[in-house]
Every structure is written in C-alpha cells, then in structure tokens.
Amino acid sequence: MEIHIVQTAAIGQLGGELIARQLRSKPDSILGLATGSTPIPFYKEWISLVGKGELSFARARSFNLDEYAGLPRSHSQSYWTFMQENLLRHIDLQASATEIPNGEAADLQAECVRYDRMLESAGGIDWQLLGIGHNGHIGFNEPGPSLTAGTHVVELAEETRQANSRFFDSLDDVPRQAITVGMGSILKAREIVLVAQGEGKADIVSQALTGPVTTELPASFLQLHAKVTVVLDEAAASKLPASLLGSTRGVEQL
Ligand code: F6R
C-alpha cells in the first residue's frame, strides 16, 4: 500500500498525475469511477488536462460504481447526472464507452446481472477510484455481517442516507436503495486509488487501513489488495498511527 499525504489543494494535481500514469501505460484502460464530493478535485484536474491537450481518455472505457435505485437519470441528484456534469461532458471519453448502472431498470436484479456481464467481458477494472463513507463503505457496499461479490441491489444504511441528504431537499427524498458494484469486482481491480479528505474521515481511514479486516468495515478489505494507492489530505491522515505514518513521505509538496 502506497500512502500519499498532500495539502488539500494538491489532491487534484496528484489525481492528474495518477491517471496520466495509468493512461500512458494503458491508453485503453477500463476505469472504475466514483461519485460524491471526494473525486471532484480529481475530475476538475482531468478536465483541465484534457482541455490543455495533455491527457486523453479517447481509448478508455469507464464503469461507475453505483447509482440510486428509482431516481430517473435526468434527476439532478442521479449519479448519471453527476457524472455528466462533473466529468463526462467535459472530456473525450466516448459516450458509448461509459457505463453507469441503470437505477431506473424495471428489473433491478436483471440490471445487476447485465452490469456484471459487461464488466466481465471488458476484462474487469484496471484502475478503480474510490471514496470512503463515514461508516467505511466503498461503492455502496455497506457494513454488515456479510458482503456481496457481484453487482447487487443494496438497502442504503441510515448513516449513508443522512450523509447524502445534503444533496437533496430533505432526508425523505434520499432513495432507500441503490445498485452497487460488489466487493469482489472492486477487489479484482488491478489497481485501486482510495481518496479521502477532511477531518470527518480521519477515524474511518485509520480504522480501514490499520484495524481488523471485517465485513463491518468494508474498506478494511483494501488491506488485502496488492496494489492500493491512498491519497489523503493532512486532516484525513491525522489519526493514522505513527507506525503507518513512518512509511509515508510526510506531507508531499507537489
Ligand atoms: C460514490 C461512492 C461512495 C462515496 C462515499 C463517500 O460513488 O461509491 O462510496 O465514495 O460515500 O462520499 P463523499 O465523497 O461524498 O464523502
């Protein structure tokens, strides 16, 4: 596991360097993408680099991690809309090469099977970007007595609905279900980049990276993955134990 601690304002720049490295080594990469506040600095930087002609997604393909169930695509808070507004509309990734689970599908189970088949026939994820929920979820793989390997329908944890209610008019408007790529597909990604920023994530980041590996904290399974890059700002790294901090380069100046 490689841990980078950078100033909050430098997270985007590092995100640009990481994707550029990936696309240089494999221009036709299968990228696993996330939504929420965390990836926004990455996406802003990617848009800027594409605008300057320094980065191209033209040969890449993307699979998003998750989507709310029951929200129309056109809803302002659907992850489909989020991706169009915050990334896809502004870069040269082909529209036909971007996949997001269809939360409007009449048969959600069939949609999960369809999504897994597409992922499998694409050969799996080369480079997976992840945020982390306050309860340790990745994608919408919520803590519990067990985890699911493949894409599945999930009941959102109350904590997750509350955290995401900041984007909706009220808590009641936050969907109760979502479709998420499962833990098996995430852990099969050839490289994983986990990003967290802010003091509110400090405790869960520390537990995920150093605590017991448990289904009650899905992100803890990243400890078992061979190639994880963790990008933290100082606040999110503030609870990491000295043993782990010693293996980092301190706050890096980019
Ligand atoms: C979103 C996703 C979630 C978020 C997590 C953190 O596609 O998969 O796991 O990464 O809920 O959300 P933010 O970044 O808003 O703190």
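Refer to the structure presented above.
Quick notes on the rules
Residues numbered from 1 in each chain as written. Predicted model: local features only at pLDDT ≥ 70, side-chain atom pairs only at ≥ 80, totals over all residues. Heavy atoms only, no water. Helix = DSSP H or I, 4+ residues; strand = E, 2+ residues; numbered from the N terminus. Rg over C-alpha atoms; globule rule 2.2 N^0.38 Å. Buried < 20%, exposed > 50% of the residue type's maximum accessible area, 1.4 Å probe, protein only. Contact = heavy atoms within 4.5 Å. Areas by Shrake-Rupley, 256 points an atom, 1.4 Å probe, with all protein chains shown as cover. Lys, Arg positive; Asp, Glu negative; His and termini not counted. Charge placed at Lys NZ, Arg CZ, Asp CG, Glu CD. Axes fitted to C-alpha atoms, helices over the stretch in contact; angles between N-to-C directions. Parallel < 35°, antiparallel > 145°, perpendicular 65-115°, else oblique. Left-handed = near helix turned anticlockwise from the far one by under 90°. Expected span 1.5 Å × (residues − 1). Arc of directions from axis to C-beta. Nonpolar A, V, L, I, M, F, W, Y, C, P; charged D, E, K, R; others polar. 1 Å grid on protein atoms, 1.4 Å probe; cavity = no way out; pocket = protein on both sides within 12 Å on 5 of 7 lines; lining within 4 Å. Points joined across faces, edges and corners; volume = space filled by probe spheres on them. Core = buried A, V, L, I, M, F, W, Y, C linked by side-chain atoms within 4.5 Å. Salt bridge = Lys/Arg side-chain N within 4 Å of Asp/Glu carboxyl O.

### Let's talk about the overall build of the protein chain
And step 1. Within the protein chain one finds eight helices and eleven strands.
And step 2. Taking 2.2 N^0.38 as the reference for a compact globule, 254 residues should give roughly 18 Å; the C-alpha atoms of the protein chain span a radius of gyration of 17 Å, in line with that estimate.
And step 3. Along the three orthogonal principal directions, the C-alpha set of the protein chain runs to about 50 × 45 × 35 Å.
And step 4. Taking all 254 residues of the protein chain together, the buried fraction comes to 53%.
And step 5. The contacts of the protein chain with a sequence gap of at least 6 include a subset with a gap of at least 24, amounting to 78%.
And step 6. Total accessible area on the protein chain is roughly 11100 Å²; 49% of this is exposed by carbon and sulfur atoms.
And step 7. Here the protein chain holds 20 positive side-chain charges and 30 negative ones, and the gap between their average locations is 6 Å.

### As for the packing of helix α1 (residues 11-25) against helix α2 (residues 40-51)
Between two packed helices, the angle of one axis relative to the other and the distance separating the axes together describe the packing.
And step 1. Orientation of α1 relative to α2, taken along the N-to-C sense of each, is 60°, at an axis distance of 7 Å. Accordingly, the angle class assigned to the pair α1 and α2 is oblique. Considering how the two elements wind past one another, α1 and α2 form a crossing that is right-handed. Contact residues: α1 offers I11, G12, Q13, G15, G16, L18 and I19, while α2 offers P41, F42, E45, W46 and L49.

### Quick word on α2
And step 1. For α2, built from twelve residues, the straight-helix expectation of 16 Å at 1.5 Å per residue is met to within 8% by its first-to-last C-alpha distance of 16 Å.
And step 2. Turning to α2, its buried residues are F42, Y43, W46, L49 and V50. The buried residues of α2 occupy one face: seen down the axis, they fall within an arc of 125°. Facing away from the buried side of α2 by more than 90 degrees, the exposed set consists of K44 and G51.

### As for the environment of I5
And step 1. As for its position among the elements, I5 is in strand β1 (residues 2-6).
And step 2. Spatially, the C-alpha atoms of I5 and A235 are 9.4 Å apart, while their sequence positions differ by 230 residues.
And step 3. Contacts of I5, omitting those with residues within four sequence positions, involve L232, D233, E234, A237, L245, T248, G250, V251 and E252.

### Examining the packing of α2 against helix α3 (residues 79-86)
And step 1. For the pair α2 and α3, interaxial distance at closest approach is 10 Å and the crossing angle is 40°. In terms of orientation, α2 and α3 fall into the oblique class. Contacts between α2 and α3 pair I40, Y43 and I47 from the former with F82, M83 and N86 from the latter.
And step 2. For the contact of α2 with α3, the per-class residue count stands at five nonpolar, one polar and no charged.

### A closer look at empty space enclosed by the protein
A water-sized probe rolled over the atoms picks out the places where empty space is left.
And step 1. On inspection of all chains with the given rule, the structure shows one cavity of 30 Å³ or more.
And step 2. Looking at the largest cavity, its volume works out to about 40 Å³.
And step 3. If you go around the largest cavity, the residues you meet are E67, L71, R73, W80, I100, P101, N102, G103 and E104.
And step 4. Each residue belonging to the lining of the largest cavity can be placed in one class, and the counts come to four nonpolar, two polar and three charged.

### Re the nonpolar core
And step 1. Core analysis: the biggest nonpolar cluster contains 35 residues, and I3, L130, I132, L209, L222, L232 and L240 have the highest contact counts within it.
And step 2. Sorting the residues of this core by element identifies β1, α4 (108-121), α6 (183-188), β9 (191-196), α7 (202-210) and β10 (228-233) as the ones contributing at least two each.
And step 3. Here the element with the most residues in this core is α7; it accounts for four residues.
And step 4. A20, L33, L55 and L87 belong to the second largest nonpolar core, which has 30 residues in total.

### Points about the side chain of E252
And step 1. Tracing the sequence through the fold places E252 in strand β11 (residues 251-252).
And step 2. Despite its burial, E252 remains without a salt bridge, the nearest opposite charge being carried by R249 at 4.2 Å.
And step 3. Excluding residues within four positions of it along the chain, E252 makes contact with I3, H4, I5 and V6.

### Looking at the environment of A60
And step 1. Considering the arrangement of structural elements, one finds A60 in the loop between α2 and β3 (61-64).
And step 2. Overall, the relative accessible area of 4% leaves A60 in the buried class.
And step 3. As a C-alpha pair, A60 and S25 span 35 residues in sequence and 12 Å in three-dimensional space.
And step 4. Setting aside anything within four residues of it in sequence, one finds A60 in contact with L23, P27, D28, S29, L31, L93 and A97.

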